[in-house]
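What follows is each chain in one-letter form.
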Amino acid sequence: MKKIYIGKKKYIFNEISSTMDIANFFIHTGIEEGTVVVAKFQTDGRGSNQRKWLSNGNDALFSIIMKPEISLMSTLPIISAFSIYKVLEKFIDTEIKIKWPNDVLVDGKKISGVLVENHIKTDNYSIIGIGININSDHKKNNTFIYPSVSLKELLNEKIQPLEIVEDVLKSFENIYNEILIGKLKISNLSDMLYGLNKRVAFRTNYKSFDRQSENTYYKIISLNDDGTLEVSDNNGKKISINASEIIT
Ligand code: BTN
C-alpha cells in the first residue's frame, strides 16, 4: 500500500479567516493529499457544533487535506486526537484523555479540539482542522465554554507553535499509515477515552439553529474500529453512536 505523506507541502499564513476556508479553496484546485494550511491568527476560527474557535495568537492552528476512502472518514477525528495525544505525552506528566470524538483533555481541561469536514462529491476529500492551545491564556480568561488550558500554562514556558504542528503532522502520518496497513486498530485506543466505563451525559438531537438539545446518559464501553463509540443505555443495551457530544 502506498504510504501517505503529511505536510510535504505547507502553506503558512499570518492572518486568514480560517485554515478550513483556505483548505476548502485548495480542494477545488485538485491539491495533493497531505497538504497542510497553517495560520498564526484566524479572524473566523470555527469549532464543532457551529461554535467559534478563539485564539489570541501563538497557538497551533492548522488544517490537513486528506483523500480517504469514505469508510475511513469517521475515524479521522479519533486518529487526529490520538496523534495530538502522542505528542503531548512527551511534554506532560499529567493525565491526558481523549474526549470522544475530537477533544484532547489534560487533567480534565481542554487543550485541543479537532473539526473534520468531509466533502463527498466526484473526488472525496476530508479537511481536518486542529487547534492546540500552546501559548494562549486560559487561567485568566473564562470566556471558554469548557475549562481549558494551554501548554505554556502547564509547562511554565513558551513553546513554538510551529514545532508542535510539525510533531503532530509526523505523529498523524505514522498513525494514519499504521491504520491503513492494519498495524494499529482504533479499538486498541479505548483506554485513552475520557469517561471510560462511566455513565456520562451526551448531547443528542443537537439542533444547530435554535441550539436546543436533549441529554442522554450512556455508559462508555469502548471505541469501535470505525471510530464510532460503543455505549450502553440504562437498560444495558449496547449501541454504537457516531455523532454526539459528551457534555459532562
Ligand atoms: C472544536 O473542538 O470545537 C474543534 C476546534 C477546531 C479548531 C481548529 S483551529 C484550525 C482550524 N481552523 C478552524 O477554523 N478551526 C480548526
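An account of the accompanying structure is given in this report.

Scoring rules and cut-offs
- Residues numbered from 1 in each chain as written.
- Predicted model: local features only at pLDDT ≥ 70, side-chain atom pairs only at ≥ 80, totals over all residues.
- Heavy atoms only, no water.
- Helix = DSSP H or I, 4+ residues; strand = E, 2+ residues; numbered from the N terminus.
- Rg over C-alpha atoms; globule rule 2.2 N^0.38 Å.
- Buried < 20%, exposed > 50% of the residue type's maximum accessible area, 1.4 Å probe, protein only.
- Contact = heavy atoms within 4.5 Å.
- Areas by Shrake-Rupley, 256 points an atom, 1.4 Å probe, with all protein chains shown as cover.
- Lys, Arg positive; Asp, Glu negative; His and termini not counted.
- Charge placed at Lys NZ, Arg CZ, Asp CG, Glu CD.
- Near = heavy atom within 4 Å.
- Polar contact = N/O pair within 3.5 Å; in protein donor to acceptor, adjacent residues only side chain to side chain.

Before going further, it helps to examine the overall build of the chain. Within the chain one finds 4 helices and 12 strands. Its C-alpha atoms give the chain a radius of gyration of 17 Å, within 12% of the compact-globule value 18 Å for 248 residues. Within the chain, the proportion of its 248 residues that are buried is 52%. For the chain, the proportion of contacts with a sequence separation of at least 24, taken over those separated by at least 6, is 64%. With an accessible surface of roughly 12500 Å², the chain has 48% of that area assigned to carbon and sulfur atoms. For the chain, the centre of its 32 positive side-chain charges and the centre of its 30 negative side-chain charges are spaced 1 Å apart.

Near the ligand there are 19 residues, and of these Ser18, Gln42, Arg46, Ser48 and Lys110 occur at the shortest range. Ser18 is positioned with one of its side-chain polar atoms (N or O) 2.7 Å from an oxygen atom of the ligand. Residue Gln42 places a side-chain N or O atom 2.8 Å away from a nitrogen atom belonging to the ligand. The fraction of the free accessible surface of the ligand (410 Å²) that becomes covered by protein chains is 98%. Elements represented by at least two residues in the shell around the ligand include exactly α1 (19-27), β3 (60-66), β6 (109-120) and β7 (124-132). Residue contributions to the shell around the ligand peak at 4 residues, all from β6.

Attention shifts here to unusual backbone geometry. Glycine aside, a negative phi is what most residues show, and trans is what most peptide bonds show. Trp100 connects to Pro101 through a cis peptide bond whose omega is 0°. For Pro101, the position within the fold is in the loop between β4 (96-99) and β5 (103-106). Its identity is not glycine, yet Gln50 carries a phi of approximately 60°, on the positive side. Its place among the elements puts Gln50 in the loop between β2 (36-42) and β3.

Geometry only, nothing functional implied.
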